[in-house]
Amino acid sequence: DIKQSKTEKFLIKRLYKTNEDEVNEFEGSFKFPDYTKYTKKDMRFQQNYKYEPAAQFPGGKKALIKYIDDNLKYPKKALKAGIQGLVIVSFVIDATGTIGNIRVNKAVDFELDNAAIDMVKKMPRWEPALNAQGKGTPASYVLPVNFILN
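As the structure is a prediction and not an experimental result, all values here were calculated from the model.

*Asks:* Help me understand the overall build of the protein chain, please; the structure alone is not making it clear to me.
*Replies:* Assigned secondary structure in the protein chain consists of six helices and five strands. In the protein chain, the order of α-helices and β-strands from amino to carboxyl end is α-α-α-α-α-β-β-α-β-β-β. Classification of the 150 residues of the protein chain by burial places 26% in the buried group. Within the protein chain, contacts between residues separated by at least 24 positions form 65% of all contacts whose residues are at least 6 apart in sequence. Entry remark: accessible area of the protein chain is about 11,000 Å², with carbon and sulfur atoms responsible for 55%.

Rendered as structure tokens:
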């Protein structure tokens, strides 16, 4: 059995908002706190929490997939050489929805990488991510672009 000092009991009581009986039961074994004992201040915080929506392509994910299908061009040199693979591109959507800071995270071939970058550069303005106050905020996005030969 592990004996706890008064300081340890005090800290357990403060951290887990427990009463003296529960602190005594705590000796020698770990006991998860009772999360139903939140204070009114804690409950107000939970009620005031707002969901912050992420940046989104106009029309959602289905529209993004359709855009990629319609606008991604397979480079002729890569097609002739039989090069295929997954290019992972990342970019930042700023507070107005404009795309910038385009980077290739996983390269396959120079031609395929440039084709993916060109497709991202031509994308329309996105719906920006919103912060808790409802204002646009910059957000990063990672887009896998798969080049497959049939």
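Still to come is the rest of the account.
*Asks:* Explanation requested: the sheet that holds strand β5 (residues 139–147) in the structure shown.
*Replies:* The strands that make up a sheet pair up through hydrogen bonds in the backbone, lying either parallel or antiparallel. Reading across the sheet, the three strands line up as β2-β1-β5 and stay open at both edges, with antiparallel pairing between neighbours. Where the open sheet ends on each side, the last strands, each with one partner, are β2 (99–106) and β5. Across the sheet, the mean angle separating the axes of adjacent strands is 25° when strand polarity is ignored. Where strand β1 (residues 85–93) lies against β2, five bridges are found, and the strand directions are antiparallel. Bridge assignment links S90 to a residue of β2, and that residue is R103.

*Asks:* Looking at this model, I keep getting lost on the packing of aromatic side chains. Mind explaining?
*Replies:* Aromatic rings in a pair are described by how distant their centres are and how their planes are angled relative to each other. Per the counting criterion, the structure on display carries six aromatic pairs. Seen from their ring centres, F57 and Y67 are 5.5 Å apart, and the 45° between their planes marks the pair as tilted. Remark: Y67 occurs in helix α4 (residues 61–71) and F57 occurs in the loop between α3 (40–48) and α4; sequence separation between them is 10 residues. Each member of the pair, F57 together with Y67, is buried.

*Asks:* Would you explain α4 in this entry?
*Replies:* Along an α-helix, residues three or four positions apart point the same way, because every turn accommodates 3.6 residues. Along α4, the residues that are buried comprise L64, Y67 and I68. Along the axis of α4, the buried residues cluster in a sector spanning 95°; they form a single face. Seen from the buried face of α4, the exposed residues on the opposite side, beyond 90 degrees, are K62, K66 and D69. The inward-facing, buried residues of α4 abut α6 (110–121) and β5.

*Asks:* Looking at this structure, I do not really get the environment of P128. What am I missing?
*Replies:* Mapped onto the fold, P128 is located in the loop between α6 and β3 (129–130). With 71 residues separating them in the primary sequence, P128 and F57 have C-alpha atoms 8.8 Å apart. When sequence neighbours within four positions are dropped, the list of residues in contact with P128 reads A54, A55, I93, D94, A95, T96, G97 and G136.

What counts, and at which threshold
- Residues numbered from 1 in each chain as written.
- Predicted model: local features only at pLDDT ≥ 70, side-chain atom pairs only at ≥ 80, totals over all residues.
- Heavy atoms only, no water.
- Helix = DSSP H or I, 4+ residues; strand = E, 2+ residues; numbered from the N terminus.
- Buried < 20%, exposed > 50% of the residue type's maximum accessible area, 1.4 Å probe, protein only.
- Contact = heavy atoms within 4.5 Å.
- Areas by Shrake-Rupley, 256 points an atom, 1.4 Å probe, with all protein chains shown as cover.
- Pairing = 2+ DSSP bridges.
- Axes fitted to C-alpha atoms, helices over the stretch in contact; angles between N-to-C directions.
- Phe/Tyr/Trp six-rings, centres within 6.5 Å; stacked < 30°, edge-to-face > 60°.
- Arc of directions from axis to C-beta.

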